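What follows is the residue order along each chain.
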Amino acid sequence: VHNHLAQMRLFGIRQGVEVYPDQDDDYDTRKNFINNIWKQNQVDLYLDRIWDNFLTMGEVLFYLRPTKEGSYKIYYYPKGSFKAYYDENGDLNEVVIIYSYKIRNKQDFMPQQRWIKLTITIDTVTKSLSDQRPSFENNGFATNVETYSNSLGFIPCVVCRNLPNGPGEAGNGEFDRLGSQIESHDAM
């Protein structure tokens, strides 16, 4: 498993990762914009981890988040941290992202884990905070829910799939078919 991942990572990094827009003008304006954001966020530092998530889990979501300075931050999430919903044409209709962070209170020395749930549609971005991991379907224990207007007019997310069974289908990890055999061999 480790050798296969190392070899696939080496192939991917040697061949390079290129992100390009579906449409661009004659001056490559969008391509240059994406390249600048890629460099600003130093995504090359995280490529090993992104490749591992892509290969083993089967899917990675890239989220382009606007900043106050007028630029963008690129975040990535592995399968299990997001759900993508599509319309009948195969276009993203809604994306739900769940992630955690730690906060330290002045009274306690132990950091506490908090959860954020982002629900992104073409029109709105809803941010929910909670002390427990929320579910993808409802807000459950959310203590603070804020809804913002999505001024971009589109969902700034891309789902990259490994070995999908068909259009709109979820991606599969490299070892999904052999998972039980690998675990049994490891247990022996």
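Residues numbered from 1 in each chain as written. Predicted model: local features only at pLDDT ≥ 70, side-chain atom pairs only at ≥ 80, totals over all residues. Heavy atoms only, no water.

Draft legend 1. Structural context of the overall build of the chain. Within the chain, the regular secondary structure consists of 4 helices and 8 strands. Written out in order from the N terminus, the α and β elements of the chain read α-α-α-β-β-β-β-β-β-β-β-α. Seen along its three principal axes, the alpha-carbon backbone of the chain occupies a region of about 55 × 45 × 40 Å. Counting over 188 residues, the chain shows a buried share of 29%. (Helix = DSSP H or I, 4+ residues; strand = E, 2+ residues; numbered from the N terminus. Buried < 20%, exposed > 50% of the residue type's maximum accessible area, 1.4 Å probe, protein only.)

Draft legend 2. Quick look at the sheet that holds strand β5 (residues 112-120). Pairing in this open sheet of 5 strands is antiparallel, and the strands run β3-β4-β5-β6-β7 from one edge to the other. With one partner strand each, in any of the chains shown, β3 (82-86) and β7 (144-149) form the two edges of the open sheet. Taken pair by pair, the neighbouring strands of this sheet meet at an average axis angle of 15°, ignoring direction. Here β3 runs beside strand β4 (residues 92-103); their pairing, made up of 5 bridges, is antiparallel. The residue of β4 that forms the bridge with A84 is V95. (Pairing = 2+ DSSP bridges. Axes fitted to C-alpha atoms, helices over the stretch in contact; angles between N-to-C directions.)

Draft legend 3. The arrangement of helix α2 (residues 29-40) in detail. Its 12 residues give α2 an end-to-end C-alpha distance of 17 Å, which sits within 8% of 16 Å, the value for a rise of 1.5 Å per residue. Burial in α2 covers these residues: K31, I37 and W38. Down the axis of α2, the buried set is contained in an arc of 130°. They therefore lie on one face. Looking at α2, the residues exposed on the side facing more than 90 degrees away from the buried face are K39 and Q40. Buried residues in α2 make contact with α3 (47-57), β1 (59-66) and β2 (72-78). Where α2 ends, the next residue or the one after it, Q42, has phi of about 50°, a positive value. (Expected span 1.5 Å × (residues − 1). Arc of directions from axis to C-beta. Contact = heavy atoms within 4.5 Å.)

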